[in-house]
Amino acid sequence: MDMLFDAYLTHESLQCEPDDIPCTSDPVWILGKKYDANKELAAIRKDITSRLWFTYRKGFVPIGDSGITTDRGWGCMLRCGQMVIGQALLFMHLGRDWRWDHEQRNQKYISILSMFEDNKSANYSIHQIALMGASSENKEVGQWFGPNTVAQVIKKLSPYDQWSSLEVHVALDNTLVIGDLKRLCLKQNKWSPLLLFLPLRLGLSEINPIYAESIKKCFSFPQSLGVIGGKPNHAMYFIGCVGNDLICLDPHKTQQAVRVTKECSKEDDMSFHCQFATRSPILDLDPSMAICFFCATESDLDKLCQLLHDNLVVNEKQPLFVICSERPHDLSLSTMKAMEDSNNFFNQVDEGDSDDEFEMLG
(Lines give C-alpha, C1' and ligand atoms only; values in the text may rest on other atoms or scores of the structure.)
Protein backbone atom coordinates (compact mmCIF):
# COMPACT_ATOMS: atom_id res chain seq x y z
CA MET A 1 0.00 0.00 0.00
CA ASP A 2 2.82 2.43 0.89
CA MET A 3 4.50 1.73 -2.44
CA LEU A 4 1.27 2.43 -4.29
CA PHE A 5 0.78 5.67 -2.36
CA ASP A 6 4.35 6.79 -3.14
CA ALA A 7 3.81 5.98 -6.80
CA TYR A 8 0.60 8.02 -6.76
CA LEU A 9 2.39 11.01 -5.26
CA THR A 10 5.17 10.73 -7.81
CA HIS A 11 2.62 10.60 -10.65
CA GLU A 12 0.79 13.62 -9.24
CA SER A 13 4.00 15.62 -8.89
CA LEU A 14 4.89 14.90 -12.50
CA GLN A 15 1.55 16.27 -13.62
CA CYS A 16 1.92 19.56 -11.73
CA GLU A 17 3.47 22.62 -13.29
CA PRO A 18 6.70 23.51 -11.43
CA ASP A 19 6.38 26.46 -9.07
CA ASP A 20 9.80 27.87 -9.92
CA ILE A 21 8.65 31.07 -11.66
CA PRO A 22 5.24 32.58 -10.78
CA CYS A 23 2.80 33.99 -13.30
CA THR A 24 3.19 37.66 -12.46
CA SER A 25 3.51 41.11 -13.99
CA ASP A 26 6.58 41.73 -11.82
CA PRO A 27 9.83 41.61 -13.78
CA VAL A 28 12.04 38.56 -13.35
CA TRP A 29 15.73 39.33 -12.97
CA ILE A 30 18.38 36.65 -13.57
CA LEU A 31 21.98 37.84 -13.14
CA GLY A 32 21.38 41.23 -14.74
CA LYS A 33 18.89 40.07 -17.38
CA LYS A 34 15.24 41.17 -17.28
CA TYR A 35 12.43 38.83 -18.29
CA ASP A 36 8.64 38.84 -18.56
CA ALA A 37 7.32 35.74 -16.76
CA ASN A 38 4.12 35.71 -18.81
CA LYS A 39 5.88 35.78 -22.18
CA GLU A 40 9.39 34.41 -21.62
CA LEU A 41 9.04 31.48 -19.23
CA ALA A 42 10.96 29.10 -21.50
CA ALA A 43 13.78 31.62 -21.90
CA ILE A 44 13.95 32.15 -18.13
CA ARG A 45 14.23 28.42 -17.51
CA LYS A 46 16.84 28.02 -20.23
CA ASP A 47 18.91 30.80 -18.65
CA ILE A 48 18.64 29.17 -15.21
CA THR A 49 19.48 25.71 -16.57
CA SER A 50 22.57 27.15 -18.25
CA ARG A 51 24.04 28.22 -14.92
CA LEU A 52 26.50 25.77 -13.36
CA TRP A 53 24.85 23.95 -10.46
CA PHE A 54 27.14 22.34 -7.92
CA THR A 55 25.58 20.13 -5.28
CA TYR A 56 26.58 17.67 -2.60
CA ARG A 57 28.42 14.70 -4.07
CA LYS A 58 29.29 11.27 -2.71
CA GLY A 59 31.81 8.63 -3.63
CA PHE A 60 34.71 10.92 -4.49
CA VAL A 61 38.31 10.22 -3.49
CA PRO A 62 39.00 11.13 0.17
CA ILE A 63 39.84 14.76 0.93
CA GLY A 64 43.43 14.77 2.19
CA ASP A 65 43.92 12.51 5.17
CA SER A 66 40.39 13.08 6.45
CA GLY A 67 38.90 9.96 4.92
CA ILE A 68 35.85 12.06 3.94
CA THR A 69 34.31 10.96 0.64
CA THR A 70 31.16 13.11 0.63
CA ASP A 71 30.38 16.72 1.47
CA ARG A 72 26.78 15.99 2.38
CA GLY A 73 25.77 17.97 5.47
CA TRP A 74 28.70 20.38 5.49
CA GLY A 75 29.68 21.46 1.97
CA CYS A 76 26.75 23.64 0.90
CA MET A 77 28.57 26.98 1.20
CA LEU A 78 31.61 25.52 -0.53
CA ARG A 79 29.35 24.45 -3.38
CA CYS A 80 27.82 27.96 -3.49
CA GLY A 81 31.32 29.38 -3.77
CA GLN A 82 31.94 27.02 -6.68
CA MET A 83 28.79 28.25 -8.37
CA VAL A 84 29.88 31.89 -8.11
CA ILE A 85 33.33 31.31 -9.58
CA GLY A 86 31.77 28.95 -12.12
CA GLN A 87 29.42 31.66 -13.42
CA ALA A 88 32.32 34.12 -13.57
CA LEU A 89 34.30 31.70 -15.74
CA LEU A 90 31.28 31.05 -17.99
CA PHE A 91 30.75 34.79 -18.50
CA MET A 92 34.45 35.33 -19.11
CA HIS A 93 35.14 32.51 -21.56
CA LEU A 94 31.71 31.89 -23.17
CA GLY A 95 29.77 35.14 -22.62
CA ARG A 96 26.55 36.03 -20.78
CA ASP A 97 24.32 34.85 -23.64
CA TRP A 98 25.80 31.34 -23.82
CA ARG A 99 23.24 28.59 -23.27
CA TRP A 100 23.92 25.01 -22.29
CA ASP A 101 23.29 22.25 -24.82
CA HIS A 102 24.80 18.83 -24.18
CA GLU A 103 24.96 18.07 -27.89
CA GLN A 104 26.93 21.24 -28.64
CA ARG A 105 29.46 21.34 -25.82
CA ASN A 106 32.78 22.87 -26.77
CA GLN A 107 36.26 22.56 -25.28
CA LYS A 108 35.97 25.80 -23.31
CA TYR A 109 32.91 24.47 -21.52
CA ILE A 110 34.66 21.18 -20.74
CA SER A 111 37.73 23.05 -19.49
CA ILE A 112 35.61 25.20 -17.16
CA LEU A 113 33.60 22.26 -15.81
CA SER A 114 36.71 20.15 -15.25
CA MET A 115 38.02 22.78 -12.81
CA PHE A 116 35.26 21.66 -10.41
CA GLU A 117 35.65 17.90 -10.70
CA ASP A 118 35.72 16.21 -7.29
CA ASN A 119 39.43 15.46 -7.00
CA LYS A 120 42.49 17.28 -5.73
CA SER A 121 43.90 18.01 -9.18
CA ALA A 122 40.95 20.24 -10.12
CA ASN A 123 41.58 23.92 -9.37
CA TYR A 124 38.26 24.70 -7.66
CA SER A 125 37.32 21.20 -6.48
CA ILE A 126 35.67 20.56 -3.13
CA HIS A 127 39.06 19.07 -2.18
CA GLN A 128 41.01 22.24 -2.93
CA ILE A 129 38.47 24.51 -1.25
CA ALA A 130 38.27 22.37 1.89
CA LEU A 131 42.04 21.93 2.16
CA MET A 132 42.72 25.62 1.55
CA GLY A 133 40.14 26.43 4.23
CA ALA A 134 41.99 24.15 6.63
CA SER A 135 45.41 25.64 5.91
CA SER A 136 44.52 29.33 5.69
CA GLU A 137 41.20 29.84 7.49
CA ASN A 138 41.47 27.35 10.39
CA LYS A 139 38.48 25.39 9.10
CA GLU A 140 38.81 21.65 9.51
CA VAL A 141 37.81 19.49 6.57
CA GLY A 142 34.13 18.77 7.06
CA GLN A 143 33.44 22.06 8.85
CA TRP A 144 30.83 24.49 7.53
CA PHE A 145 32.01 27.75 5.88
CA GLY A 146 30.43 31.19 6.02
CA PRO A 147 30.18 33.55 3.01
CA ASN A 148 33.33 35.51 3.86
CA THR A 149 35.38 32.35 4.44
CA VAL A 150 34.52 30.80 1.08
CA ALA A 151 35.22 34.14 -0.64
CA GLN A 152 38.66 34.32 0.98
CA VAL A 153 39.44 30.73 -0.03
CA ILE A 154 38.43 31.35 -3.67
CA LYS A 155 40.64 34.43 -3.67
CA LYS A 156 43.60 32.27 -2.59
CA LEU A 157 42.89 29.59 -5.21
CA SER A 158 42.37 31.92 -8.18
CA PRO A 159 46.08 32.61 -8.91
CA TYR A 160 46.53 28.92 -9.77
CA ASP A 161 44.05 29.30 -12.65
CA GLN A 162 46.51 30.71 -15.17
CA TRP A 163 44.13 30.20 -18.09
CA SER A 164 41.64 32.76 -16.76
CA SER A 165 43.97 35.24 -15.00
CA LEU A 166 40.99 36.29 -12.91
CA GLU A 167 41.49 38.71 -10.04
CA VAL A 168 39.37 38.16 -6.93
CA HIS A 169 38.73 40.92 -4.42
CA VAL A 170 36.93 40.55 -1.09
CA ALA A 171 35.74 43.96 0.15
CA LEU A 172 35.86 44.11 3.94
CA ASP A 173 34.34 46.44 6.54
CA ASN A 174 31.28 47.07 4.32
CA THR A 175 33.52 49.34 2.27
CA LEU A 176 34.29 49.27 -1.44
CA VAL A 177 37.53 51.11 -2.24
CA ILE A 178 37.74 51.92 -5.94
CA GLY A 179 41.46 52.59 -5.84
CA ASP A 180 42.13 49.09 -4.49
CA LEU A 181 40.21 47.53 -7.37
CA LYS A 182 42.00 49.61 -9.99
CA ARG A 183 45.44 48.73 -8.64
CA LEU A 184 44.52 45.06 -8.41
CA CYS A 185 43.25 44.68 -11.96
CA LEU A 186 45.17 47.26 -13.97
CA LYS A 187 48.85 46.35 -14.33
CA GLN A 188 51.15 47.50 -17.11
CA ASN A 189 48.13 48.99 -18.88
CA LYS A 190 46.49 45.57 -19.06
CA TRP A 191 43.16 44.82 -17.35
CA SER A 192 42.48 41.51 -15.64
CA PRO A 193 38.80 40.49 -15.20
CA LEU A 194 37.47 40.98 -11.68
CA LEU A 195 35.34 38.81 -9.41
CA LEU A 196 34.14 41.01 -6.57
CA PHE A 197 32.76 39.73 -3.27
CA LEU A 198 31.00 42.13 -0.88
CA PRO A 199 30.49 40.24 2.42
CA LEU A 200 27.81 41.94 4.51
CA ARG A 201 25.97 41.47 7.76
CA LEU A 202 22.59 43.20 7.55
CA GLY A 203 21.12 42.53 10.97
CA LEU A 204 21.69 40.48 14.10
CA SER A 205 19.63 37.30 13.92
CA GLU A 206 17.49 38.24 10.92
CA ILE A 207 17.81 40.58 7.98
CA ASN A 208 16.73 44.19 8.47
CA PRO A 209 13.80 44.80 6.05
CA ILE A 210 15.23 48.21 5.16
CA TYR A 211 17.84 46.46 3.01
CA ALA A 212 15.46 44.28 0.99
CA GLU A 213 14.97 46.64 -1.97
CA SER A 214 18.71 47.32 -2.26
CA ILE A 215 19.49 43.62 -2.39
CA LYS A 216 16.91 43.10 -5.13
CA LYS A 217 18.36 45.98 -7.15
CA CYS A 218 21.73 44.23 -7.26
CA PHE A 219 20.27 41.48 -9.48
CA SER A 220 19.33 44.09 -12.10
CA PHE A 221 22.90 45.28 -12.67
CA PRO A 222 24.58 43.80 -15.79
CA GLN A 223 27.61 42.88 -13.66
CA SER A 224 25.50 40.85 -11.20
CA LEU A 225 26.88 37.48 -10.17
CA GLY A 226 24.24 36.86 -7.53
CA VAL A 227 24.35 36.43 -3.76
CA ILE A 228 25.61 33.62 -1.57
CA GLY A 229 23.86 33.23 1.76
CA GLY A 230 20.77 31.47 3.00
CA LYS A 231 20.27 30.36 6.58
CA PRO A 232 22.74 29.17 9.23
CA ASN A 233 24.28 25.88 8.02
CA HIS A 234 21.96 25.94 4.99
CA ALA A 235 23.60 27.93 2.21
CA MET A 236 22.10 28.69 -1.18
CA TYR A 237 23.15 30.56 -4.29
CA PHE A 238 20.69 33.30 -5.24
CA ILE A 239 20.77 34.18 -8.95
CA GLY A 240 17.76 36.44 -9.31
CA CYS A 241 14.54 37.83 -7.94
CA VAL A 242 10.86 38.23 -8.70
CA GLY A 243 8.56 40.28 -6.50
CA ASN A 244 9.69 39.74 -2.91
CA ASP A 245 11.19 36.31 -3.63
CA LEU A 246 14.76 35.41 -4.46
CA ILE A 247 15.42 32.78 -7.13
CA CYS A 248 18.02 30.30 -6.02
CA LEU A 249 20.07 27.25 -6.92
CA ASP A 250 19.98 24.86 -3.99
CA PRO A 251 23.08 22.65 -3.46
CA HIS A 252 21.29 20.31 -1.01
CA LYS A 253 20.95 17.36 -3.35
CA THR A 254 23.40 14.49 -3.01
CA GLN A 255 24.59 13.12 -6.35
CA GLN A 256 27.23 10.57 -7.27
CA ALA A 257 30.64 12.02 -8.09
CA VAL A 258 31.33 11.86 -11.85
CA ARG A 259 34.29 12.30 -14.17
CA VAL A 260 34.22 15.36 -16.43
CA THR A 261 35.25 14.41 -19.96
CA LYS A 262 34.20 15.31 -23.47
CA GLU A 263 32.66 11.85 -23.74
CA CYS A 264 30.66 12.02 -20.50
CA SER A 265 27.02 11.02 -20.75
CA LYS A 266 24.17 13.50 -21.02
CA GLU A 267 22.96 12.31 -17.61
CA ASP A 268 26.30 13.13 -15.99
CA ASP A 269 26.52 16.48 -17.78
CA MET A 270 22.95 17.33 -16.81
CA SER A 271 23.80 16.74 -13.14
CA PHE A 272 25.65 20.09 -13.27
CA HIS A 273 22.55 21.98 -14.47
CA CYS A 274 19.36 22.58 -12.49
CA GLN A 275 16.17 22.16 -14.48
CA PHE A 276 13.98 24.20 -12.10
CA ALA A 277 15.15 26.77 -9.58
CA THR A 278 13.53 27.32 -6.19
CA ARG A 279 12.32 30.51 -4.55
CA SER A 280 12.74 31.94 -1.06
CA PRO A 281 11.23 35.09 0.50
CA ILE A 282 13.93 37.71 0.77
CA LEU A 283 13.19 38.38 4.44
CA ASP A 284 13.91 34.72 5.25
CA LEU A 285 17.52 35.35 4.29
CA ASP A 286 20.17 35.13 7.01
CA PRO A 287 21.73 38.59 7.58
CA SER A 288 25.20 37.23 6.76
CA MET A 289 25.75 37.09 2.99
CA ALA A 290 28.07 38.09 0.18
CA ILE A 291 26.91 40.03 -2.89
CA CYS A 292 28.94 39.16 -5.98
CA PHE A 293 29.79 40.95 -9.22
CA PHE A 294 31.88 40.22 -12.32
CA CYS A 295 33.62 42.95 -14.31
CA ALA A 296 35.24 41.71 -17.51
CA THR A 297 36.64 45.14 -18.39
CA GLU A 298 37.62 48.36 -16.69
CA SER A 299 34.57 49.98 -18.25
CA ASP A 300 32.39 47.33 -16.58
CA LEU A 301 33.85 48.29 -13.20
CA ASP A 302 33.35 52.02 -13.84
CA LYS A 303 29.72 51.43 -14.74
CA LEU A 304 29.18 49.13 -11.76
CA CYS A 305 30.56 51.68 -9.31
CA GLN A 306 28.27 54.32 -10.77
CA LEU A 307 25.25 52.00 -10.50
CA LEU A 308 26.09 51.10 -6.92
CA HIS A 309 26.52 54.72 -5.97
CA ASP A 310 23.38 55.99 -7.71
CA ASN A 311 21.09 53.14 -6.63
CA LEU A 312 22.42 51.90 -3.29
CA VAL A 313 24.37 54.72 -1.65
CA VAL A 314 23.18 58.21 -2.52
CA ASN A 315 19.98 59.27 -0.72
CA GLU A 316 19.98 56.05 1.34
CA LYS A 317 19.75 56.57 5.10
CA GLN A 318 21.23 53.11 5.70
CA PRO A 319 23.20 52.07 2.59
CA LEU A 320 24.34 48.48 2.18
CA PHE A 321 27.95 49.63 2.10
CA VAL A 322 30.23 52.61 1.59
CA ILE A 323 32.00 53.45 -1.68
CA CYS A 324 35.10 55.62 -1.54
CA SER A 325 37.96 56.45 -3.89
CA GLU A 326 40.69 55.50 -1.41
CA ARG A 327 40.75 53.61 1.88
CA PRO A 328 40.24 55.81 4.98
CA HIS A 329 42.87 55.46 7.70
CA ASP A 330 40.30 54.38 10.29
CA LEU A 331 37.19 52.87 8.78
CA SER A 332 35.27 52.66 12.03
CA LEU A 333 35.61 56.39 12.69
CA SER A 334 35.43 57.73 9.18
CA THR A 335 32.45 56.08 7.54
CA MET A 336 30.61 59.37 7.13
CA LYS A 337 33.71 61.01 5.70
CA ALA A 338 34.09 58.15 3.24
CA MET A 339 30.49 58.58 2.12
CA GLU A 340 31.11 62.28 1.62
CA ASP A 341 34.23 61.51 -0.43
CA SER A 342 32.19 59.03 -2.46
CA ASN A 343 29.54 61.63 -3.28
CA ASN A 344 32.20 64.18 -4.26
CA PHE A 345 33.98 61.60 -6.38
CA PHE A 346 30.89 60.62 -8.36
CA ASN A 347 29.87 64.25 -8.80
CA GLN A 348 33.26 64.78 -10.47
CA VAL A 349 32.73 61.75 -12.67
CA ASP A 350 29.39 63.08 -13.84
CA GLU A 351 31.05 66.33 -14.97
CA GLY A 352 33.70 64.76 -17.18
CA ASP A 353 34.95 61.63 -18.84
CA SER A 354 34.36 58.61 -16.61
CA ASP A 355 37.54 56.75 -17.50
CA ASP A 356 39.75 59.82 -17.05
CA GLU A 357 38.38 60.55 -13.61
CA PHE A 358 38.92 56.97 -12.45
CA GLU A 359 42.49 57.01 -13.76
CA MET A 360 43.33 60.20 -11.86
CA LEU A 361 42.22 58.61 -8.62
CA GLY A 362 43.98 55.27 -9.18
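Here, the structure is the one placed above.
Keep in mind the model is a prediction, meaning the values are calculated, not measured.

Asker: Just to check I follow, could you spell out the overall build of the protein chain for this structure?
Answerer: The number of helices and strands found in the protein chain is twelve helices and 15 strands. Taking the intrachain contacts of the protein chain between residues at least 6 apart in sequence as the baseline, contacts between residues at least 24 apart amount to 71%. For the protein chain, the accessible area works out to roughly 16800 Å², and carbon and sulfur atoms hold 50% of it.

Asker: Looking at this structure, how should I read the pairing of strand β4 (residues 167-170)?
Answerer: Remember that side chains alternate between the two faces of the sheet whenever the strand is regular. On β4, burial covers both faces: Glu167 and His169 on one face and Val168 and Val170 on the other are all buried. In terms of strand pairing, β4 meets strand β8 (residues 194-201) through four bridges, oriented parallel. Bridge pairing in β8 links histidine 169 to leucine 196.

Asker: Would you explain the nonpolar core in this entry?
Answerer: Nonpolar side chains tend toward joint burial in soluble globular proteins. In terms of nonpolar packing, the biggest core is built from 67 residues, with Phe197, Ile228 and Tyr237 touching the most fellow members. The element that contributes the greatest number of residues to this core is helix α3 (residues 76-93), accounting for eleven residues. Setting aside residues up to four positions removed in sequence, tyrosine 237 forms contacts with Leu31, Cys80, Met83, Val84, Gln87, Leu225, Gly226, Val227, Ile228, Ile247, Cys248 and Leu249.

Asker: Could you clarify how one ought to interpret empty space enclosed by the protein in this entry?
Answerer: Vacant regions in the atomic arrangement are exposed by a probe of water-molecule size rolled over the atoms. Per the counting criterion, the structure on display carries two cavities of 30 Å³ or more. Of the pockets and cavities examined, the largest cavity occupies roughly 40 Å³. For the largest cavity, the full set of lining residues is Phe54, Thr55, Arg57, Arg79, Phe116, Glu117, Asp118, Val258 and Phe272. Along the lines of polarity and charge, the residues of the lining of the largest cavity split into four nonpolar, one polar and four charged.

Asker: Help me understand unusual backbone geometry in this model?
Answerer: Glycine aside, a negative phi is what most residues show, and trans is what most peptide bonds show. Within the chain, glutamine 188 stands out as a residue other than glycine whose phi angle is a positive 55 degrees. Within the fold, glutamine 188 resides in the loop between β6 (186-187) and β7 (190-191). One non-glycine residue, asparagine 315, lies in positive phi territory at about 65 degrees. Checked against the element boundaries, asparagine 315 lands in the loop between α10 (298-313) and β15 (322-324).

Asker: Hey, could you run me through helix α2 (residues 41-50) in this one?
Answerer: Residue pairs three or four apart in sequence face the same way in an α-helix, which turns once every 3.6 residues. Turning to α2, its buried residues number three or more, namely Ile44, Arg45, Asp47, Ile48, Thr49 and Ser50. Next to the buried residues of α2 lie β1 (27-30), β2 (33-36), α3, β10 (234-242) and β11 (245-249).

Asker: Is there a simple way to think about the layout of surface pockets in this case?
Answerer: Empty space within the largest pocket amounts to approximately 340 Å³. Those elements that provide at least two residues to the lining of the largest pocket are β12 (255-256) and α9 (266-270). Looking at the lining of the largest pocket residue by residue, the classes come out as five nonpolar, six polar and four charged.

Asker: What is the right way to read the pattern of salt bridges from this model?
Answerer: Any two side chains of opposite charge can pair, on the condition that their charged atoms come close. All told, the structure shown has 19 salt bridges when counted by the stated rule. Taking the shortest distance from any N to any O, the salt bridge between arginine 183 and aspartate 180 comes out at 3.1 Å. In this pair, arginine 183 and aspartate 180 are both assigned in helix α7 (residues 178-185), three residues apart and thus about one turn of the helix distant. Accessibility expressed as a relative area gives 40% for arginine 183, which makes it partly exposed. For glutamate 213, the salt bridge is made with lysine 216, and the minimal N-O distance between the two is 3.0 Å. Highlighted residues: glutamate 213 and lysine 216, both in helix α8 (residues 212-218), separated by three residues, approximately one helical turn. Overall, glutamate 213 belongs to the partly exposed group, its relative accessible area being 46%.

Asker: Is there a simple way to explain the packing of aromatic side chains in this structure?
Answerer: Centre-to-centre distance and the angle between the planes together describe a pair of aromatic rings. Scanning the entire structure with this criterion turns up five aromatic pairs. Ring centres 5.7 Å apart and planes at 25 degrees place the aromatic pair phenylalanine 116 and tyrosine 124 in the stacked group. Neither phenylalanine 116 nor tyrosine 124 differs from the other in exposure class; each is buried. One aromatic cluster is present, built from ring pairs that chain together Phe54, Phe116, Tyr124 and Phe272. If you follow arginine 57 out to its NZ or CZ, it ends over the ring of phenylalanine 272, 4.5 Å from the centre.

Asker: Is there a simple way to think about α10 in this case?
Answerer: Along its 16 residues, α10 runs 21 Å from first to last C-alpha, staying within 8% of the 22 Å computed at 1.5 Å per residue. By the burial criterion, the buried members of α10 are Glu298, Leu301, Asp302, Leu304, Cys305, Gln306, Leu308, His309, Leu312 and Val313. Once α10 ends, the next one or two residues include asparagine 315, with phi positive near 65 degrees.

What counts and what doesn't
- Residues numbered from 1 in each chain as written.
- Predicted model: local features only at pLDDT ≥ 70, side-chain atom pairs only at ≥ 80, totals over all residues.
- Heavy atoms only, no water.
- Helix = DSSP H or I, 4+ residues; strand = E, 2+ residues; numbered from the N terminus.
- Contact = heavy atoms within 4.5 Å.
- Areas by Shrake-Rupley, 256 points an atom, 1.4 Å probe, with all protein chains shown as cover.
- Buried < 20%, exposed > 50% of the residue type's maximum accessible area, 1.4 Å probe, protein only.
- Pairing = 2+ DSSP bridges.
- Core = buried A, V, L, I, M, F, W, Y, C linked by side-chain atoms within 4.5 Å.
- 1 Å grid on protein atoms, 1.4 Å probe; cavity = no way out; pocket = protein on both sides within 12 Å on 5 of 7 lines; lining within 4 Å.
- Points joined across faces, edges and corners; volume = space filled by probe spheres on them.
- Nonpolar A, V, L, I, M, F, W, Y, C, P; charged D, E, K, R; others polar.
- Salt bridge = Lys/Arg side-chain N within 4 Å of Asp/Glu carboxyl O.
- Phe/Tyr/Trp six-rings, centres within 6.5 Å; stacked < 30°, edge-to-face > 60°.
- Lys NZ or Arg CZ within 6 Å of the ring centre and 35° of its normal.
- Expected span 1.5 Å × (residues − 1).

Fair warning: the whole summary comes from geometry, so function is off the table for now.
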